[in-house]
Amino acid sequence: MKLEDTAPQYDAVVIGGGIGGMTAANRLAKFGHKVLLLEHHFELGGLAAYFKRKGFIFDTALHGFPVGMIKTCRKYWSKEIADCIVQVDSIRYDNPQFCIDTTYTTEDFTDKLINFFKVTPETVESFFKACQSMDFFDDREKTTLEFFEEYFPGRSDIHRFLMEPIHYANGSTFLEPAITYGIVFSNFMSKGVYFFTGGTDLFVKMCREEMEKNGVDIVMQATVEKILLENGKVAGVVANGKEIKTKSVLSNANLKATCLDMIGAENLPADFAASCKEMRLSTSNSQVFIGIKEGVTLPFIGDIIFHSSAESFAPEEYIHNPPHSRSFSIYYPKCRPGYDRYAIAASMGARMSDWENLSDEEYEKAKENLIEQTLSILEQKLVPNIREITEYVEAATPRTFQRYTLHKEGATFGTKFEGLKVSEDLPKAVPGAYHAGSVAIIMSGWLGAANYGVIVANQLDEYLCKA
Amino acid sequence: MAMSKDEIRAAVLEIIEEIAPDEDIASMNDEEPIREQIGLDSMDFLDIVMELRKQYKVEVPEDDYNELRTLASTVAYLEGKM
Ligand SMILES: Cc1cc2nc3c(=O)[nH]c(=O)nc-3n(C[C@H](O)[C@H](O)[C@H](O)COP(=O)(O)OP(=O)(O)OC[C@H]3O[C@@H](n4cnc5c(N)ncnc54)[C@H](O)[C@@H]3O)c2cc1C
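From a predicted model like this one, the values you see are computed outputs, not experimental measurements.

Trainee: Would you take a moment to explain the overall build of chain B for this structure?
Mentor: What chain B contains, in helices and strands, is four helices and zero strands. In chain B, the succession of α and β elements from N to C terminus is α-α-α-α. The globule rule puts the C-alpha radius of gyration for 82 residues at 12 Å, and the 12 Å found for chain B is close to it. Over its C-alpha atoms, taken along the principal directions, chain B stretches across nearly 30 × 25 × 20 Å.

Trainee: How should I be thinking about the sheet that holds strand β19 (residues 343–350) of chain A in this particular structure?
Mentor: Whether parallel or antiparallel, the strands of a sheet pair through hydrogen bonds between backbone atoms. All names here are of chain A. Strand order in the open sheet formed by seven strands is β9-β8-β17-β18-β19-β16-β20, and the pairing between neighbours is mixed. Both edges of this open sheet fall to β9 (99–102) and β20 (390–396), since each of them pairs with a single strand only. The average angle at which neighbouring strand axes cross in this sheet is 15 degrees, direction not considered. In this structure, strand β8 (residues 91–94) lies alongside strand β17 (residues 304–308), joined through four bridges in parallel fashion. Directly across from Ile 91, in β17, lies its bridge partner Ile 304.

Trainee: Sorry if this is basic, but what is going on with the environment of Phe300(A) here?
Mentor: Residues and elements named next belong to chain A. Inspection of the secondary structure puts Phe 300 in the loop between β16 (284–292) and β17. With 114 residues separating them in the primary sequence, Phe 300 and Ser 186 have C-alpha atoms 28 Å apart. Look past the residues within four positions of Phe 300 in its chain and what remains in contact with it is Asp 89, Ser 90, Tyr 332 and Lys 334.

Trainee: Would you mind showing me how to read the packing of helix α1 (residues 19–30) of chain A against helix α9 (residues 199–213) of chain A here?
Mentor: Helix packing for two helices is described by the angle between their axes and how far apart those axes are. All names here are of chain A. Put simply, α1 and α9 touch, their axes get as near as 10 Å, and they point 25 degrees apart. Here α1 is positioned roughly parallel relative to α9, judged by the angle of their axes. The two elements α1 and α9 cross, and the hand of that crossing is left-handed. Contacts between α1 and α9 involve Ile 19, Met 22, Ala 25, Asn 26 and Lys 30 from the first element and Phe 203, Cys 207, Glu 210 and Met 211 from the second. Among the residues forming the contact of α1 with α9, the class breakdown is six nonpolar, one polar and two charged.

Trainee: Where do I start with the side chain of His435(A) in this structure?
Mentor: Residue and element names in this part refer to chain A. Summarising the element assignment, His 435 is placed in strand β21 (residues 433–435). With a relative accessible area of 2%, His 435 lands in the buried category. A distance of 3.3 Å separates a polar side-chain atom of His 435 from the backbone oxygen of Ala 253. Polar contacts involving the side chain of His 435 include one to the side chain of Ser 423, which spans 2.9 Å. Contacts of His 435, omitting those with residues within four sequence positions, involve Ser 251, Ala 253, Leu 255, Thr 258, Ser 423, Leu 426, Tyr 452 and Val 456.

The rules we used
- Residues numbered from 1 in each chain as written.
- Chains lettered and ligands numbered in written order.
- Predicted model: local features only at pLDDT ≥ 70, side-chain atom pairs only at ≥ 80, totals over all residues.
- Heavy atoms only, no water.
- Helix = DSSP H or I, 4+ residues; strand = E, 2+ residues; numbered from the N terminus.
- Rg over C-alpha atoms; globule rule 2.2 N^0.38 Å.
- Pairing = 2+ DSSP bridges.
- Axes fitted to C-alpha atoms, helices over the stretch in contact; angles between N-to-C directions.
- Contact = heavy atoms within 4.5 Å.
- Parallel < 35°, antiparallel > 145°, perpendicular 65-115°, else oblique.
- Left-handed = near helix turned anticlockwise from the far one by under 90°.
- Nonpolar A, V, L, I, M, F, W, Y, C, P; charged D, E, K, R; others polar.
- Buried < 20%, exposed > 50% of the residue type's maximum accessible area, 1.4 Å probe, protein only.
- Polar contact = N/O pair within 3.5 Å; in protein donor to acceptor, adjacent residues only side chain to side chain.

By themselves these figures say nothing about function.
What follows is the structure in structure tokens.
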């Protein structure tokens, strides 16, 4: 649909077609509301993006998610979407402290803690229990590191074993509140890590078809500039300069941008505006995508590999420039039935401040360095002939993420923990305005964003039903 | 007309069955916490609250979520509300 063809008035306008925005739009339409989804990019999916180059398809954010995604897709999308989800076979750690392969299931992880790290079964069990019983209302002062120290004092190897995957999954470090760790770790630590067979492109296509079936109007390359208020309540949006009337909005866009730019600090209660300004964003990422020549096969070396040359897990090591640590996702033909090419995606934590002030020439050089470092690690550690078999390489940086998703500072996982309160309080500050999307560590990733979209769609439905 | 206790119980079980089709609803005990008997997570719980609102126009504010711990307490809480 084109912006000119939109209806005179909507019940809800969803700003942004990331996983949270799409899931919310689909729910609201199923509830019977008239919904318009506006997406700034020419593809849906947001950070869960894919791109096609020279016969390759690369996924940016499809490495692995918790088993809960199956149920979430079945309940809030469709059985067909849920049925594409399969378990990944193996996850590898390779760092100066240890090299381990695990399925990341409770059984195998427990086995590694007991037999490799020599922890007692009782300690493992009580640690898992403590993680599972954590919820939102617990002590928020305790950090993840303090929590680790209670169970595994002085064991920086175990801290790394516990933290590294979660760091890659949501950008958190062990300085974040322990409850954010406990909640996310418990989501992952049950039946292993899962993948969407067919890739991000199939997922997004299926979501789009489902939304269209349920009557969501979708307009691409429509950037929302303003959320309009009347008597303090949401009354419309302005997208590409065009005004569209709506009773409510659900923004999947960056939380800070939603509050401070689209609504505007001057339209917010002073204390709420202050918490929006104080709220810290998450860090960003850079990535290197490698396409392997046609006809070449890679042996199985694991689906996800956490590689680090840092002596131990220290938060600053994981956003260091140049990177010391990266995760590799290996895409075998099993990932996309009917498509036989191999690809590798390396992901690294990164900070916009290391990238934003580079001249065009410096920027290109820095990207080349990133690619070169990644190839040389692969060559030394994982795929000795990588240079010979590589056909295509490309790099993405915090600037790339900002350009495609409009996240301030290229933040790839929303905000730090305090963002949850801001997100939840938005409808109290501005009736009719809602936010759902990666925020506060616990509401990020495919599963977190989808579930948060459902939670907020319910709240918005309540608002519309009362009005 | 207000629903009887038995009708409310049946309505709640029907909702749970929709949300968790693989669970053995029939053998559930009324006095034990629901979440300890069948595999319901916090999203399932929110779905139950949502269905009560959509199907029966009952609002369960977050402060009252504890009232829905067991089947018996749920029925008692909902009596007169639906
Ligand atoms: C490198 C990387 C790897 C990852 N790997 C995994 C993984 O393996 N497993 C996992 O579970 N998660 C992973 N994630 C995280 C996961 O992809 C995200 O948490 C999730 O996709 C975020 O969804 P969201 O709903 O917050 O929306 P986002 O993806 O942030 O989308 C927001 C959307 O809003 C649009 N938008 C913004 N502003 C406007 C505007 N003004 N007008 C219109 N549209 C607008 C954007 O274009 C975008 O489409 C990864 C993330 C990154 C960056």
